[in-house]
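A closer look at the structure
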Amino acid sequence: MNGALRAGVIDVHAHWLPRDLLALPPGNPLGGMHDRDGELFLGDSRLTFPTAAMTDIDVIVTDTLKAGLGARVISAPPFAFPMHAPAEADEYVASYNEQLAGAVSGTDGTLVGLGLVRLDDVDAARRELTRLSAAEGVAGVAVPPVVDGRSFDRDAPREILGIAAGLGLSVLVHPMQLPRPEWGHHYLVNLIGNPVETTTAVAATLLGGVLEELPDLRICFVHGGGCAPLLLGRWGHGWRSRADVHRGSTRPPAESFGLLYFDTITHDPEVLRLLRSHASLERIVCGSDYPFEMAQPDPVGFPVEHGIDAAVLEANGRRFLGMSPRPWRESVGEGERAVGT
């Protein structure tokens, strides 16, 4: 990543969208985002936070510092992914990425950006990723876990990961709340749907041999990896037992799992401990999901209180962003270990 970064814990999972792009990309069925008396709405649904928290860089910087963070990585909310009419979204994507670079460059290393990219067209993606790689303060790209029923084990999504890895760009995978009729109530489209989308992409990455092909890929799965830590043993059993499961990868899933990055948004200390028992400590990064209502309200305090040192989180965040981490092992407690390394 080009540019300096403030010292301190780095929140890799937060969102920003400029006001002139609240209408969302062409073809979006959600009715666009808009302001009503200072509050942000998605269609007719109130999003329960001030519009400025999504759109105003000065507000985001202030809230970042109030949270005790050194820096925050901002990306578009998933509604803004160019999924519904991608061939018509080039102007939207380019505008977002240009404005993102301009916004983060004026924050003295407090904010870092992850841009947008089309996932249907490899050539279009390559052009935009190449521009992102040269932008000061932009570290990579945010992408959805599933694209038209496909994930990272095949077709354009896999090729685009390869381009990102070759350019040294970080990849943050964020679910989109894909609708299903059985999730139409109780906010299950988020409470179940988001983790399931992420879990699907983790499985595709592991069982599809993506990391064997792309050993330099820095890819982070949000919300603690969804259900993946719970299912890793089942995947391993399937990999050992069935030819159709291990056909795409040369390593058992648990081995590659330690090469993935995960954020700390688990909302449960026991789930965070489960994640730590399978993931590499060096690849667990701080996340908040700011400014949404499902955010972790104390992004630094939650992981630190439950055993992950702030210096570790800072070093991991820098590593994910492609920056040289500051030494942290001297701050690791006697009982701590880098699980999976």
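The preceding data block contains the structure.
Below or above, wherever it landed, is the structure these notes cover. Counting from 1, residues in each chain are numbered in the order their sequence is written. The predicted origin of the model limits local features to residues at a pLDDT of at least 70 and limits the giving and counting of side-chain atom pairs to 80 or more, whereas totals for whole chains, interfaces and linings rest on all residues. Calculation of side-chain values draws on the structure's entire complement of heavy atoms; hydrogens and water are dropped beforehand.

Covalent bonding between the sulfur atoms of two cysteines defines a disulfide. Here, a disulfide means two cysteine sulfur atoms that sit within 2.5 Å of each other. Here the structure, examined in full by the defined rule, presents zero disulfides. Of all cysteine sulfurs, the one in Cys286 lies closest to Cys220, which takes part in no disulfide; the gap is 11 Å. Note on exposure labels: buried denotes an accessible area under 20% of the residue type's maximum, exposed denotes more than 50%, and partly exposed covers the range between, all computed with a 1.4 Å probe on protein chains only. A relative accessible area of 0% means that Cys220 is categorised as buried. Here Cys286 falls in the buried class, since its relative accessible area comes to 0%.

Right, let's get into the nonpolar core. For our purposes a nonpolar core is just a set of buried Ala, Val, Leu, Ile, Met, Phe, Trp, Tyr and Cys residues, chained together by side-chain atoms within 4.5 Å. Grouped together as the largest cluster of nonpolar side chains are 101 residues, with contacts concentrated most on Leu17, Met33 and Phe257. The leading source of residues in this core is helix α3 (residues 90-105), at seven residues. In this description, contact between two residues means that some pair of their heavy atoms is separated by no more than 4.5 Å. Apart from residues no more than four positions distant in its own chain, Met33 is found in contact with Leu17, Leu22, Ala23, Leu24, Leu40, Phe41, Leu42, Leu47, Met54, Pro77 and Phe79. Only DSSP runs of H or I with at least four residues qualify as helices, and only runs of E with at least two residues qualify as strands; both kinds are numbered from the N terminus onward.

Planes of paired rings set the category: under 30 degrees apart is stacked, over 60 is edge-to-face and the rest tilted, where pairs are Phe, Tyr or Trp rings (Trp by its six-membered ring) whose centres lie within 6.5 Å. Applying the stated rule across the entire model yields six aromatic pairs. Connected via pairs of aromatic rings, a cluster forms that spans Phe49, Phe79 and Phe292. Above the ring of Phe41, the side-chain terminus of Arg36 is found at 4.3 Å from the ring centroid. Between Arg180 and the ring centre of Trp183, over which it is positioned, the NZ or CZ distance is 4.7 Å. Note on criteria: charge over ring means Lys NZ or Arg CZ within 6 Å of the ring centre, with the direction from the centre no more than 35 degrees off the ring normal.

A word on the pairing of strand β5 (residues 71-75). Most of β5 sits inside the fold, with five of its five residues counted as buried. Because side chains alternate across β5, one face comprises the buried residues Ala71, Val73 and Ser75, and the other comprises Arg72 and Ile74, equally buried. Two strands are counted as paired when DSSP detects at least two bridges linking them. Strand direction decides the pairing type here: strand β1 (residues 10-15) and β5, joined by four bridges, are parallel. Its bridge partner being in β5, Ile10 is matched across the sheet by Ala71. As defined by bridge partners, β5 adjoins strand β6 (residues 111-115) across three bridges and the pair is classed as parallel. Opposite Val73, over in β6, you have Val112 as the bridge partner.

What follows is about the side chain of His306. One can find His306 in the loop between α13 (301-305) and α14 (310-320). What makes His306 buried here is its relative accessible area of 16%. Among all residues touching His306, those that are not within four sequence positions of it are Pro269, Leu272, Arg273 and Arg276.

On to the sheet that holds strand β3 (residues 39-42). An order of β2-β3-β4 is seen for the three strands of this open sheet, with the pairing classed as antiparallel. At either margin of the open sheet sits one strand with a lone partner, and together these are β2 (33-36) and β4 (45-50). Each strand axis lies, on average, 35° off the axis of its neighbour in the sheet, ignoring direction. Pairing of β2 with β3 involves four bridges; the strand directions are antiparallel. By the bridge assignment, Asp35 is partnered in β3 with Leu40. Axis lines are fitted through C-alpha atoms, for helices just across the contact stretch, and the angle between N-to-C directions can take any value from 0 to 180 degrees.

Pairing is parallel across the open sheet formed by eight strands, whose spatial order is β1-β5-β6-β7-β8-β9-β10-β11. Edge strands, defined here as strands with exactly one partner in the open sheet, are β1 and β11 (284-285). Sitting on the sheet, α3 is in contact with β5, β6 and β7 (138-143), with an inclination near 170° to β6.

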